[in-house]
Amino acid sequence: AARACRQIERYLDDPEFRFDLPFEFRGTAFQQRVWRAIGAIPCGATLTYLEVARQVGSAPRPVGGACGANRIPLVIPCHRVVARGGIGGFMNARGGQPLEIKKWLLRHEGA
């Protein structure tokens, strides 16, 4: 936990900091493919749900579902996945505080 806290603090100081925490992708094979694709999106960049879907051979809605199932959104940066015409959802929400967090993370990263 102390290591995770230190890395979160480093990310808050430097948005380009890359997390280096041991973890297992715990999800379906599809979710894991989506999470790996999302993990490759560089800081300050975004992809649409459609673009990620094309990378993993799927459709945008299942990609959104995989994003919503992500339990470690700073480490697997689902905030970097946006809708074609707007910000999209975050943490299984389409409004409220989760979207404010997503907006803050994107601003923090210069996206």
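These numbers were taken from a predicted model, which means no experiment stands behind them.

Novice: Can you explain the state of the cysteines? Please cite residues and give values.
Specialist: Under the counting rule described, the total for this entry stands at zero disulfides. Looking at the unpaired Cys43, the closest cysteine sulfur is the one in Cys78, lying at 15 Å. For Cys43, a relative accessible area of 25% gives the class partly exposed. Of the cysteine sulfurs around Cys67, a residue in no disulfide, the closest is that of Cys78, at 3.8 Å.

Novice: Which residues make up the side chain of His108, and what values do they have?
Specialist: For His108, the location among the structural elements is in helix α5 (residues 97–108). Leave out the neighbours within four places in its chain, and His108 touches Tyr11, Leu12 and Pro15.

Novice: Give a description of the nonpolar core that names residues and reports values.
Specialist: Ranked by internal contacts, the top residues of the largest apolar core, which has 23 residues, are Val34, Ile38, Val52, Val63, Cys67 and Val81. Taken together, the elements giving at least two residues each to this core come down to α2 (29–39), α3 (49–56), α4 (60–69) and α5. Apart from residues lying up to four places away in sequence, Ile38 is in contact with Cys67, Ile76, Pro77, Cys78 and Val81.

Each value, and the rule that gives it
- Residues numbered from 1 in each chain as written.
- Predicted model: local features only at pLDDT ≥ 70, side-chain atom pairs only at ≥ 80, totals over all residues.
- Heavy atoms only, no water.
- Disulfide = S-S within 2.5 Å.
- Buried < 20%, exposed > 50% of the residue type's maximum accessible area, 1.4 Å probe, protein only.
- Helix = DSSP H or I, 4+ residues; strand = E, 2+ residues; numbered from the N terminus.
- Contact = heavy atoms within 4.5 Å.
- Core = buried A, V, L, I, M, F, W, Y, C linked by side-chain atoms within 4.5 Å.

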